[in-house]
Amino acid sequence: KSHSNTFLNYSCLFTQNPFLSITSLSLLILLFFYILIKTTQDHFSIVTTKLTNQLNLSPTIGVVTLLALGNGAPDVFASVAAVQGGQYRTGFGAILSAGTFVSAFVVGFVAIYAAPFSLNPVTFVRDVLFYLVAALFLFYVYLSAEIFLW
């Protein structure tokens, strides 16, 4: 039997008591996050440290680089698969939307919660302009649906 309203739509064993159902689902989500954090702490951090040492990177640069690579890899592979499958707009749209999300939300939250911090204006403006030019070019490719090789 399914309990449905405008806020939540779920199926659970506790159909007679929605409060108990929501509480049990919330506890289950907390358990899943705990398992995810524990697994990351026990396995991912060790692998990241070993890769950083093998590549002779400083710990800060190594972790940031490897995390960005791990975070962006699924988007890149999904986009390549979409383009190879003939869904060009889907592939480029996925890259644009992922980049926009990271630029707008992640960088914004980091700036809000890590403030105050110093920033070199020249490198910041250079990086932002480079990203905007690349995003505009990709957006042009998305709209025109054609790429010319010179």
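Okay, so let's go over this structure.

1. Considerations on the overall build of the chain
Reasoning step 1: When its secondary structure is counted, the chain shows four helices and two strands.
Reasoning step 2: In the chain, which comprises 150 residues, the proportion classed as buried is 9%.
Reasoning step 3: The long-range fraction of contacts in the chain, counting pairs at least 24 apart against all pairs at least 6 apart in sequence, stands at 30%.
Reasoning step 4: For the chain, the exposed surface amounts to about 12,400 Å²; the carbon and sulfur share of it is 73%.

2. Topic: the pattern of salt bridges
When their charged atoms lie close together, side chains carrying opposite charge are able to pair.
Reasoning step 1: Applying the stated criterion to the full structure yields one salt bridge.
Reasoning step 2: Note that arginine 126 is salt-bridged to aspartate 127, the shortest N-O span being 3.0 Å.

3. What to know about the environment of leucine 138
Reasoning step 1: In this fold, leucine 138 is placed in helix H4 (residues 121–144).
Reasoning step 2: As a C-alpha pair, leucine 138 and isoleucine 95 span 43 residues in sequence and 8.7 Å in three-dimensional space.
Reasoning step 3: Those residues within four positions of leucine 138 in sequence are excluded, and the remaining contacts are Phe92, Ile95 and Leu96.

4. Brief notes about the packing of helix H3 (residues 88–114) against H4
Reasoning step 1: Relative orientation of the contacting elements H3 and H4 amounts to 150°, with a least axis distance of 9 Å. When the axis of H3 is compared with that of H4, the two are roughly antiparallel. Considering only the axes of H3 and H4, their crossing is left-handed. Contacts between H3 and H4 involve Arg89, Phe92, Gly93, Ile95, Leu96, Gly99, Thr100 and Ser103 from the first element and Tyr131, Ala135, Leu138, Phe139, Val141, Tyr142 and Leu143 from the second.
Reasoning step 2: Its residues placed into classes, the contact of H3 with H4 shows 10 nonpolar, four polar and one charged.

5. What to know about the side chain of threonine 52
Reasoning step 1: Position of threonine 52 relative to the elements: it lies in helix H1 (residues 18–54).
Reasoning step 2: Look past the residues within four positions of threonine 52 in its chain and what remains in contact with it is Leu57, Ser58, Pro59, Gly62, Val63 and Leu66.

6. Here we look at the packing of H1 against helix H2 (residues 59–84)
Axes are the key here: two packed helices are described by the angle between their axes and the distance separating the axes.
Reasoning step 1: Two elements in contact, H1 and H2, have axes separated by 9 Å at closest approach and are oriented at 120°. Between H1 and H2 the crossing geometry is right-handed. Facing Phe44, Thr48, Leu51 and Thr52 of H1, the residues of H2 in contact are Pro59, Gly62, Val63, Leu66 and Leu67.
Reasoning step 2: Of the residues assigned to the contact of H1 with H2, the class counts are six nonpolar, three polar and no charged.

Conventions we followed
- Residues numbered from 1 in each chain as written.
- Predicted model: local features only at pLDDT ≥ 70, side-chain atom pairs only at ≥ 80, totals over all residues.
- Heavy atoms only, no water.
- Helix = DSSP H or I, 4+ residues; strand = E, 2+ residues; numbered from the N terminus.
- Buried < 20%, exposed > 50% of the residue type's maximum accessible area, 1.4 Å probe, protein only.
- Contact = heavy atoms within 4.5 Å.
- Areas by Shrake-Rupley, 256 points an atom, 1.4 Å probe, with all protein chains shown as cover.
- Salt bridge = Lys/Arg side-chain N within 4 Å of Asp/Glu carboxyl O.
- Axes fitted to C-alpha atoms, helices over the stretch in contact; angles between N-to-C directions.
- Parallel < 35°, antiparallel > 145°, perpendicular 65-115°, else oblique.
- Left-handed = near helix turned anticlockwise from the far one by under 90°.
- Nonpolar A, V, L, I, M, F, W, Y, C, P; charged D, E, K, R; others polar.

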